Amino acid sequence: YIENLESRIQGRTLERVRLLNPFVLRTAIPPVSSAAGRTVVGLRRLGEWTDRLRKQAGGGFPEKVTAFREGMAVHGRFGQPCPVCGSPVQRIVYADNETNYCARCQTGGRILADRALSRLLKKSWPRSIDEAG
């Protein structure tokens, strides 16, 4: 999707940003609303599956995109070691949805807030994979 979005919006000014599903984004600094009126200078995606999808899609949109691909490194593997770095796989839970990620490989060691448990634990919520240790 990134390549196709780049050709359509890179270099253009955003009129507004509207998230249709709050599950799409958990933590944003600065806030998403601050992007309105700014020029898109680049797009990127975090995470171990992007290169494989690019190869499969070539110049078009990927077909049959699903979160359930057997070869994905951390999907559905909460608490297990990341196959790349060995750190425990983290998760964000929202309603009936779950996102798994490796804090060391994908977020520079930062553990992302999940809107429920992080609010409950407040200052006790670990900010990095080393704090969660």
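What counts, and where the lines are drawn
Residues numbered from 1 in each chain as written. Predicted model: local features only at pLDDT ≥ 70, side-chain atom pairs only at ≥ 80, totals over all residues. Heavy atoms only, no water. Helix = DSSP H or I, 4+ residues; strand = E, 2+ residues; numbered from the N terminus. Buried < 20%, exposed > 50% of the residue type's maximum accessible area, 1.4 Å probe, protein only. Polar contact = N/O pair within 3.5 Å; in protein donor to acceptor, adjacent residues only side chain to side chain. Contact = heavy atoms within 4.5 Å. Core = buried A, V, L, I, M, F, W, Y, C linked by side-chain atoms within 4.5 Å.

A.B. asks: Break down the side chain of Thr107 for me, citing the residues and quoting the values.
C.D. replies: You can see Thr107 is positioned in the loop between helix H3 (103-106) and helix H4 (117-121). Residue classification places Thr107 among the buried positions, given a relative accessible area of 17%. Within the local environment of Thr107, its side chain forms a polar contact with the backbone oxygen of Ala103, the two atoms lying 3.0 Å apart. Within the local environment of Thr107, its side chain forms a polar contact with the backbone oxygen of Arg110, the two atoms lying 2.5 Å apart. Other than its neighbours up to four places away in sequence, Thr107 contacts Tyr101, Cys102 and Leu112.

A.B. asks: Please give an account of the nonpolar core that cites residues and values.
C.D. replies: By size, the foremost hydrophobic cluster in this structure holds six residues: Ile92, Tyr101, Ala103, Ile111, Leu112 and Ile129. Ala73, Cys82, Val89 and Cys102 belong to the second-largest nonpolar core, a separate cluster that totals five residues.

A.B. asks: An account of the environment of Thr13 is requested, with residue identities and associated values reported.
C.D. replies: Position of Thr13 relative to the elements: it lies in the loop between helix H1 (2-9) and helix H2 (50-57). Sequence separation between Thr13 and Ala36 is 23 residues, and the spatial gap between their C-alpha atoms is 7.9 Å. Beyond its immediate stretch of four places on either side in the chain, Thr13 contacts Gly37, Arg38 and Thr39.

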